[in-house]
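# Structural overview
Each chain, written out:
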4 protein chains.
Amino acid sequence: MDDKLTLTGIKRTVYETIFESDTPAGKVFDVSLLITIVLSVVIVMLESVQDIKTEWGRALIILEWFFTGIFTIEYLARLWVVLHKRNYIFSFFGIVDLLSVLPTYLAIFFTGAQSLLVIRSIRLLRIFRIFKLARFIGEGQNLSRALKASQYKIIVFLTTVMTAVIIFGTMIYLIEGPEHGFTSIPISIYWAIVTMTTVGYGDIAPQTMWGQTLASVIMIMGYGIIAVPTGIVSSEMIQLKRKEKLTTQVCQHCLKEGHDADAIYCKYCGGEIN
Amino acid sequence: MDDKLTLTGIKRTVYETIFESDTPAGKVFDVSLLITIVLSVVIVMLESVQDIKTEWGRALIILEWFFTGIFTIEYLARLWVVLHKRNYIFSFFGIVDLLSVLPTYLAIFFTGAQSLLVIRSIRLLRIFRIFKLARFIGEGQNLSRALKASQYKIIVFLTTVMTAVIIFGTMIYLIEGPEHGFTSIPISIYWAIVTMTTVGYGDIAPQTMWGQTLASVIMIMGYGIIAVPTGIVSSEMIQLKRKEKLTTQVCQHCLKEGHDADAIYCKYCGGEIN
Amino acid sequence: MDDKLTLTGIKRTVYETIFESDTPAGKVFDVSLLITIVLSVVIVMLESVQDIKTEWGRALIILEWFFTGIFTIEYLARLWVVLHKRNYIFSFFGIVDLLSVLPTYLAIFFTGAQSLLVIRSIRLLRIFRIFKLARFIGEGQNLSRALKASQYKIIVFLTTVMTAVIIFGTMIYLIEGPEHGFTSIPISIYWAIVTMTTVGYGDIAPQTMWGQTLASVIMIMGYGIIAVPTGIVSSEMIQLKRKEKLTTQVCQHCLKEGHDADAIYCKYCGGEIN
Amino acid sequence: MDDKLTLTGIKRTVYETIFESDTPAGKVFDVSLLITIVLSVVIVMLESVQDIKTEWGRALIILEWFFTGIFTIEYLARLWVVLHKRNYIFSFFGIVDLLSVLPTYLAIFFTGAQSLLVIRSIRLLRIFRIFKLARFIGEGQNLSRALKASQYKIIVFLTTVMTAVIIFGTMIYLIEGPEHGFTSIPISIYWAIVTMTTVGYGDIAPQTMWGQTLASVIMIMGYGIIAVPTGIVSSEMIQLKRKEKLTTQVCQHCLKEGHDADAIYCKYCGGEIN
C-alpha cells in the first residue's frame with residue numbers, strides 16, 4: 001500500500017500489474033504468469049523422462065532458456081518496482097523466484113545443476129494468488145479458519161497418532177524382527193505409519209501370527225480414528241456456517257454484535273433491536 | 001414438451017414410451033431398456049475373458065448381434081419420433097447410442113473394431129433415468145445440491161492437493177531417483193497421488209531413509225486432510241436438512257421466526273400463522 | 001408371546017430361558033451360548049491351520065464333537081418348546097442352527113464334509129442378541145435408524161460408484177490391455193474397485209502413462225467421494241440427536257406430539273402447553 | 001494433594017517439580033524430561049539400525065548409560081518424595097519407569113536383555129503431561145468426552161465389523177483355499193481385515209472370479225461403513241459444541257430457554273436473566 005502511493009508513472013503501473021490483482025492488467029498478468037509457470041514445470045517434468053529427453057532434448061533446452069528468460073525479466077521487474085528490496089529478496093517467494101532461474105545459469109558452469117530446476121515447481125504455490133480473483137478467497141478463508149480453529153485438537157490428535165505409531169512400530173520390531181523385513185525400529189515405525197494411515201504398500205508385511213494380530217489391531221484403530229479429525233473439521237465448519245447465519249445487526253443501545261436472527265431484544269443490554 | 005404436442009397417433013405413443021417415464025408404458029420401457037443394456041454390457045465383458053470366448057464364442061456373437069439389433073431399432077425409433085433430429089443426433093446420448101451399435105457393423109469390414117463395443121458401457125449412465133421413477137430423484141437432487149453448494153470449497157481443496165502432490169512428487173524424485181523406481185517426475189507424481197490418497201499399490205515404494213520419512217509425511221497429510229472434503233460435504237448436508245425443516249415465516253403477532261414447516265400456530269405466542 | 005402363554009411347567013421355563021433374555025436365567029443362557037459359539041468357531045479356525053491340526057488333531061476332534069453335542073441338544077430343546085415348529089425350522093436362525101451341527105454327523109459318511117462346519121461362524125450373528133441385555137439396544141437402533149433414513153441416498157451413491165467403476169474399468173482395459181495384467185474387463189473392473197475404494201493391493205497396476213493418469217483420476221475421485229456417504233450418515237445422525245431433544249409432551253387440546261423444548265403454545269392448535 | 005501438604009523443605013520442592021506442572025520449575029522439568037525421553041528413544045532406535053550400530057556403537061553405549069543414569073536418578077527421586085511408595089511402584093507409570101532402566105543393568109549379566117530397552121518408548125506417553133501446560137487440556141478433554149459419549153455406538157460398530165470380518169474371512173477361505181495363499185481361516189480373516197480397512201497390502205490377493213467378487217463386496221462395504229464411526233464422532237462433537245454455547249437458564253419473565261452463555265438479558269422479552 002505505502003509502496004504503491006510513492007510510486008509514479010510506469011513504475012506504478014508495473015507495480016499494480018505485478019503485485020496486485022484487482023486491476024484488469026493485474027488479472028491478465030496473474031493468469032498468464034500461472035500458465036507460464038505450469039508450462040515451465042511441465043517442461044522440467046518432461047526432461048526427467050528418459051525417452052522424451054533423447055528425442056526432444058534440443059527443443060526442451062530452448063524452451064527452458066525461454067522460460068528462464070521470462071522468469072529472469074519478471075524477477076528483475078519485481079526487484080525494480082519494490083521499494084523495500086531487501087524485504088522482497090529475503091521473503092519466501094523472493095527466494096523461490098530466484099532459485100527458479102539460478103540453476104539454468106549455473107548449469108553453464110556445473111553439469112547437473114539443471115536438475116535443481118524442479119525447485120521451480122514450488123512456484124506453483126502462486127496458484128493461490130489466482131484465487132484472489134474470484135469468490136474463491138472467501139471459501140479459502142473459511143477453510144483455513146475452520147482448520148485454524150481446530151489446530152489445538154489437531155495437535156493433540158497428531159501427537160496421539162505419532163506416539164501410537166512409535167509404540168506399535170517398536171512392538172512389531174520385537175515380534176517380527178529383521179528376518180521378516182523389519183530390519184530396524186525406524187523401518188518398523190515407517191511400516192506402522194503405512195498401516196495406520198491405511199496406505200498399505202505391502203513392501204513390508206507381517207508374517208507371523210502375532211505380527212498379523214498386531215497389524216489387525218493397528219489397521220482397525222487407523223480405520224476408526226480417521227473419524228476423529230473428520231469429526232473435528234466437520235463440527236468446526238458447521239459452527240462457522242451457523243455464525244454466518246447470525247445477523248450482523250448492531251444493538252443501537254450498547255453497540256454490541258452477534259445477535260441471533262430471532263432475537264428481539266439485545267442480549268447484552270436488554271434494549272430493543274429494530 | 002413442444003415436440004410431444006405436435007405428435008399424433010402411434011408416433012406420439014412411441015414418443016411417450018421412449019422419452020418419458022411417467023406413463024406405465026414408459027416405466028416398463030425404461031426398466032426393460034436398462035436390463036437390456038446391463039445384459040449387453042455383461043456380454044461384452046464376458047467376450048473379453050479368453051476362456052469364455054474360446055468356449056462360448058459362437059453364442060456370444062449371436063447375442064451380440066441380437067443386442068445390436070435391438071439397440072439399432074431403438075436408435076431408429078428415437079430418430080423417427082424426435083422432431084429436432086439434429087439436436088438428438090449430436091446430443092451426448094445420441095452419440096453414445098450410435099457408438100454403441102456401430103462397432104458391430106464395422107467389425108464386418110475391419111477386424112478388431114468389435115473391441116470398441118465397450119463404449120456401450122457408457123449407456124449404463126441411462127441408469128439414472130430409472131431414478132426418475134421413484135422418490136430417488138429428490139434424494140439425488142439433494143446430493144447434487146449439496147455438492148454444488150460446496151463446489152468452490154472443493155476446487156480450492158483439489159488445487160491444494162494437486163499442488164502438494166506435484167511438489168512432493170518432485171521432492172521424492174530428487175531423494176530416491178531412478179535407481180529406486182522413481183524413473184521420472186511424472187512417475188514420482190503418480191506415486192505421490194497413490195500415497196496421498198492412501199491407495200498404496202506398492203509397485204513403487206521409497207527405499208532410502210529420507211524417502212521413507214517424506215513418504216510418512218505425505219501419508220499422514222493424506223490421512224488427515226481427507227477430513228476437509230468430508231467436513232465440507234457434511235456441513236453442507238446438515239445445512240440443507242435444516243433449511244428443509246424450517247420455514248422463513250414470521251409470526252404476525254409476535255414477529256418471531258423459526259417455525260416448523262407444519263406449524264399452524266406460533267409456538268411462542270399462540271397466534272395463528274397465515 | 002402367544003407361544004409362551006400356552007406353555008406351562010418346565011417347557012415354559014425352558015422357553016423363557018432359551019428364547020427370551022429379560023429373565024436372569026435367560027441372560028445367563030445368552031452369554032454362555034455366545035461364549036460356546038465363539039469357542040466352537042475358534043476350534044474350527046484352529047483346525048484349518050495345518051501345523052495345529054497335525055499336533056492337536058485328536059483334541060480338536062473331541063472338542064468338535066463336544067460342541068456339536070451341545071448345539072444338537074440346544075437345537076432339539078428349541079424344537080421341543082416352540083409351538084409353531086415349522087416357523088422355527090425354516091427361519092434364518094433355524095436353518096443356521098441345523099447347518100452348524102449337520103457337517104459333523106455327515107463327516108462320518110463323507111470325508112471333507114467337516115470343512116462345512118465353518119457355516120457355524122454365521123451363528124456369531126447371535127452376538128447381537130446379547131445387545132438386548134444392556135443399553136446397547138438403544139444405540140444399535142439409533143445406528144440402524146440413521147442408516148435406514150439415508151437408504152435412498154446410499155442407493156443413489158452406490159449406483160453412481162458402480163457405474164463409474166464399470167466405465168473406468170472398461171477404459172483401463174482399452175488403455176493397458178492384457179499385456180499389462182488387465183486380462184479382461186471383469187478383472188479391470190475389479191482393479192477399478194480396488195483403486196477407487198483406496199484399497200490398492202498392487203497385484204495389478206497400470207504401467208503406461210495414460211493408464212497411470214486414469215488411475216490418478218480414479219484415486220482422487222475415490223479419495224474425494226468418500227465424503228458423500230460420510231456426509232449422509234453424519235447429517236442423519238445429527239438429525240436424530242436433535243429429534244431426541246424434542247419433548248415428548250402431548251398437547252392437552254389436540255393431543256399432538258413433537259413440540260420443541262422451547263414451545264409454549266401448541267404449534268398445531270394454538271393451545272397452551274403446560 | 002495430601003502428599004504435598006505433609007512434605008516440607010527440599011522434599012516438597014522436589015515433589016512439586018517432579019509431580020506437578022503448574023510451577024515454573026515443574027514446567028521446565030516436564031519439558032526437559034520429555035526431550036530426554038525423546039532423545040533416549042531415538043538412541044534405542046538408532047541402535048537397531050545395523051549400519052549405525054557398527055559405526056557409532058561405542059558412542060551409543062555411552063549415551064545409553066547416560067540416559068539410564070538420568071532415568072535411574074529420576075526414578076529414585078520419585079520414590080523418595082512420594083509418601084505412598086507402594087502406590088507409585090505398582091502404578092502404570094511406576095512399572096514403566098522401572099522397566100525403562102532395568103534392561104541396561106540386566107545386560108551386564110545377560111546378553112540381549114538390552115533389546116528390551118524399547119519398552120522405554122512407552123514413556124513417550126508422558127508427552128500428554130505436557131498438555132497440562134497449555135490450553136491443550138481442554139481440547140484433549142473435549143476429544144475424549146466426545147469419544148466416551150459415543151462408546152456404546154462404537155462397541156456396536158466394532159462388533160459388527162468383527163463379525164463381518166470373521167464371516168467374510170471364512171467365506172474367502174472356502175472360495176480361494178490354501179492354493180491361492182489363503183492357507184487357514186485365521187490368515188483369511190487377517191486378509192479380510194486388511195481389505196475392509198482399505199489397507200490392502202497385496203501380500204495375499206484373491207485370484208479366482210468369485211474370490212474377486214467377494215473381495216469387491218468387502219471393499220465397497222469397508223469404503224462405505226467408514227461413514228458410521230465418522231458420523232458418530234461428528235454428531236457427538238457438534239453436540240458438545242452446542243452445549244458449550246448454550247446455558248440451560250430459563251428467563252424468569254417469559255420462561256424461555258436457549259440463551260447464549262454470555263447473555264445478560266433475555267433475547268425474547270428483554271427481561272434480565274439473573
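All values derive from a computational prediction rather than experimental measurement.

Turning next to the overall build of chain A. In terms of helices and strands, chain A carries 13 helices and zero strands. N-terminal to C-terminal, the α/β element order of chain A is α-α-α-α-α-α-α-α-α-α-α-α-α. Within chain A, buried positions represent 50% of all 274 residues. Within chain A, contacts between residues separated by at least 24 positions form 51% of all contacts whose residues are at least 6 apart in sequence. For chain A, the accessible area works out to roughly 13200 Å², and carbon and sulfur atoms hold 68% of it.

Let us look at the packing of helix 2 (residues 9-19) of chain C against helix 4 (residues 50-81) of chain C. The description of two packed helices rests on the angle between their axes and on the distance between the axes. All names here are of chain C. Following both chains from N to C, one finds helix 2 and helix 4 inclined at 120 degrees, their axes separated by 10 Å at the closest point. One element, helix 2, and the other, helix 4, form an angle in the oblique class. The way helix 2 lies across helix 4 gives a crossing that is left-handed. Residues Lys11, Val14, Tyr15, Ile18 and Phe19 of helix 2 touch helix 4, and the partners they reach there are Ala77, Arg78, Trp80 and Val81. For the contact of helix 2 with helix 4, a count of residues per class yields seven nonpolar, no polar and two charged.

This part takes up the nonpolar core. Judged by nonpolar contacts, the single largest core of 199 residues is most densely connected at Trp191 of chain A, Trp191 of chain B, Trp191 of chain C together with Trp191 of chain D. Beyond its immediate sequence surroundings of up to four residues, Trp191 of chain D is in contact with Tyr201 of chain C together with Ile172, Phe182, Ile204, Ala205, Pro206, Ala215 and Ile218 of chain D.

A few words on unusual backbone geometry. Residue and element names in this part refer to chain B. The backbone phi angle of Thr198 is positive, close to 60 degrees, even though this residue is not glycine. Relative to the helices and strands, Thr198 resides in the loop between helix 11 (185-196) and helix 12 (209-225). For Thr198, a relative accessible area of 7% translates into the label buried.

So, about the domain arrangement of chain A. Segmentation of chain A into domains returns domain 1 (3-136) and domain 2 (148-243). Distance from the C-alpha centre of domain 1 of chain A to the C-alpha centre of domain 2 of chain A: 39 Å.

Structurally, the position occupied by Ile35 of chain B is in helix 3 (residues 24-47). Spatially, the C-alpha atoms of Ile35 of chain B and Ile73 of chain B are 16 Å apart, while their sequence positions differ by 38 residues.

This part takes up the packing of aromatic side chains. All names here are of chain C. Applying the stated criterion across every chain, the model contains 18 aromatic pairs over all chains. Summarising the aromatic geometry, the rings of Phe182 and Trp191 are spaced 5.3 Å apart at their centres and angled 80 degrees between planes, so their arrangement reads as edge-to-face. Residues Phe182 and Trp191 agree in their burial class; the two are buried.

Once that is clear, we can look at the side chain of Ser234 of chain A. Note on placement: Ser234 of chain A falls in helix 13 (residues 227-245). Sequence-distant contacts of Ser234 of chain A, defined by excluding residues within four places in its chain, comprise Thr230, Gly231 and Ser234 of chain B together with Ser234 of chain D.

Residue and element names in this part refer to chain A. On the surface, Ile61, Trp65, Ile95, Leu98, Leu99, Leu102, Tyr105, Leu106, Ile108, Phe109 and Phe110 cluster together to form a nonpolar patch covering roughly 1000 Å² of accessible area. Those elements that place two or more of their residues in the nonpolar patch are helix 4 (50-81), helix 6 (92-99) and helix 7 (102-109). Looking at where Ile108 falls in the secondary structure, it is placed in helix 7. Looking at Ile108, the relative accessible area reads 56%, which means it is exposed.

Now for the packing of helix 11 of chain B against helix 12 of chain B. Residues and elements named next belong to chain B. In the contact formed by helix 11 and helix 12, the axes pass within 8 Å of each other and the chain directions differ by 50 degrees. Considered as vectors, helix 11 and helix 12 are oriented oblique to each other. Facing helix 11, whose interface residues are Trp191, Ala192, Thr195 and Met196, helix 12 presents Ala215, Ile218, Met219, Met221, Gly222 and Ile225. Residue classes in the contact of helix 11 with helix 12 are distributed as eight nonpolar, two polar and no charged.

Residue and element names in this part refer to chain A. For chain A, the average pLDDT comes to 79, and 77% of its residues sit at 70 or higher. Put simply, helix 1 (residues 2-5) is where chain A has its lowest mean pLDDT, 56, and helix 11 (residues 185-196) is where it has its highest, 92. The complex model carries a pTM of 0.81, and its ipTM stands at 0.78.

Attention now goes to empty space enclosed by the protein. A full pass over the atoms with the stated rule returns 12 cavities of 30 Å³ or more. Its volume calculated, the largest cavity comes out at about 280 Å³. Each residue belonging to the lining of the largest cavity can be placed in one class, and the counts come to eight nonpolar, 16 polar and no charged.

What follows deals with the side chain of Thr230 of chain C. Its place among the elements puts Thr230 of chain C in helix 13 (residues 227-245). What makes Thr230 of chain C buried here is its relative accessible area of 3%. Engagement of the side chain of Thr230 of chain C in a polar contact is seen with the backbone oxygen of Ile226 of chain C, the distance being 2.8 Å. Look past the residues within four positions of Thr230 of chain C in its chain and what remains in contact with it is Thr230 of chain A, Thr230 and Ser234 of chain B together with Ala227 and Thr230 of chain D.

With that settled, consider the environment of Val38 of chain B. Residue and element names in this part refer to chain B. Structurally, Val38 is set in helix 3. Residue Val38 is classed as partly exposed on the basis of its relative accessible area, which comes to 36%. The spatial distance from the C-alpha of Val38 to the C-alpha of Thr183 is 41 Å, given a sequence separation of 145 residues.

What follows deals with the pattern of salt bridges. Under the definition given, this model contains eight salt bridges over all chains. A salt bridge links Arg78 of chain B to Asp97 of chain B; the nearest nitrogen and oxygen atoms lie 3.8 Å apart. Of this pair, Arg78 of chain B sits in helix 4 (residues 50-81) while Asp97 of chain B sits in helix 6 (residues 92-99), placing them 19 residues apart in sequence. Residue class for Arg78 of chain B comes out buried when judged on its relative accessible area of 1%. Within the structure, one salt-bridge network assembled from shared partners comprises Glu74, Arg78 and Asp97 of chain A.

Take helix 7 (residues 102-109) of chain B next. Residue and element names in this part refer to chain B. Considered for burial, the residues of helix 7 that qualify are Pro103, Thr104 and Ala107. Looking straight down helix 7, one finds its buried side chains confined to an arc of 105 degrees; they lie on one side. In helix 7, those exposed residues whose orientation departs by more than 90 degrees from the buried face are Ile108 and Phe109.

Calculation criteria
- Residues numbered from 1 in each chain as written.
- Chains lettered and ligands numbered in written order.
- Predicted model: local features only at pLDDT ≥ 70, side-chain atom pairs only at ≥ 80, totals over all residues.
- Heavy atoms only, no water.
- Helix = DSSP H or I, 4+ residues; strand = E, 2+ residues; numbered from the N terminus.
- Buried < 20%, exposed > 50% of the residue type's maximum accessible area, 1.4 Å probe, protein only.
- Contact = heavy atoms within 4.5 Å.
- Areas by Shrake-Rupley, 256 points an atom, 1.4 Å probe, with all protein chains shown as cover.
- Axes fitted to C-alpha atoms, helices over the stretch in contact; angles between N-to-C directions.
- Parallel < 35°, antiparallel > 145°, perpendicular 65-115°, else oblique.
- Left-handed = near helix turned anticlockwise from the far one by under 90°.
- Nonpolar A, V, L, I, M, F, W, Y, C, P; charged D, E, K, R; others polar.
- Core = buried A, V, L, I, M, F, W, Y, C linked by side-chain atoms within 4.5 Å.
- Domains from an automatic or database assignment.
- Phe/Tyr/Trp six-rings, centres within 6.5 Å; stacked < 30°, edge-to-face > 60°.
- Patch = residues over 30% accessible without salt bridge, like charges linked within 9 Å, V, L, I, M, F, W, Y side chains within 5 Å.
- Salt bridge = Lys/Arg side-chain N within 4 Å of Asp/Glu carboxyl O.
- pLDDT = per-residue confidence, 0-100.
- 1 Å grid on protein atoms, 1.4 Å probe; cavity = no way out; pocket = protein on both sides within 12 Å on 5 of 7 lines; lining within 4 Å.
- Points joined across faces, edges and corners; volume = space filled by probe spheres on them.
- Polar contact = N/O pair within 3.5 Å; in protein donor to acceptor, adjacent residues only side chain to side chain.
- Arc of directions from axis to C-beta.

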